[in-house]
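Structure at a glance
Spelled out from the first residue to the last, the chains are:
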Amino acid sequence: MTESIEIVETSVETPLCPHCEQAIRRVNARKVKSPFGVRFLYFCDHCRKVLGVSHRKGFWMG
Ligand SMILES: [Zn+2]
């Protein structure tokens, strides 16, 4: 049996940057042009390390 993981939307808990461990109050987004379309790089407002990349749903990898 595999236990399922629950996703709970919260506005109470503040996420922390995994790099500088500061509370993330603002995420910067930088537009990236790729052959697959426009994507965004999201990076930390404090240390500028990249937190993630947006993916277009249903187009390349979902
Ligand atoms: Zn950071």
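Here the structure is shown first, and the text comes after it.
In short, a report on the structure. (Residues numbered from 1 in each chain as written. Predicted model: local features only at pLDDT ≥ 70, side-chain atom pairs only at ≥ 80, totals over all residues.)

Turning our eyes to something else, we now look at the sheet that holds strand β2 (residues 37–44). Strand order in the open sheet formed by 3 strands is β1-β2-β3, with antiparallel pairing between adjacent strands. Edge positions in the sheet fall to β1 (27–34) and β3 (50–53), since each of these pairs with one other strand and no more. Taken over all neighbouring pairs, the strand axes of this sheet differ in orientation by 25 degrees on average, direction set aside. With 3 bridges joining them, β2 and β3 adopt antiparallel strand pairing. The partner of Tyr42 across the bridge, within β3, is Gly52. (Pairing = 2+ DSSP bridges. Helix = DSSP H or I, 4+ residues; strand = E, 2+ residues; numbered from the N terminus. Axes fitted to C-alpha atoms, helices over the stretch in contact; angles between N-to-C directions.)

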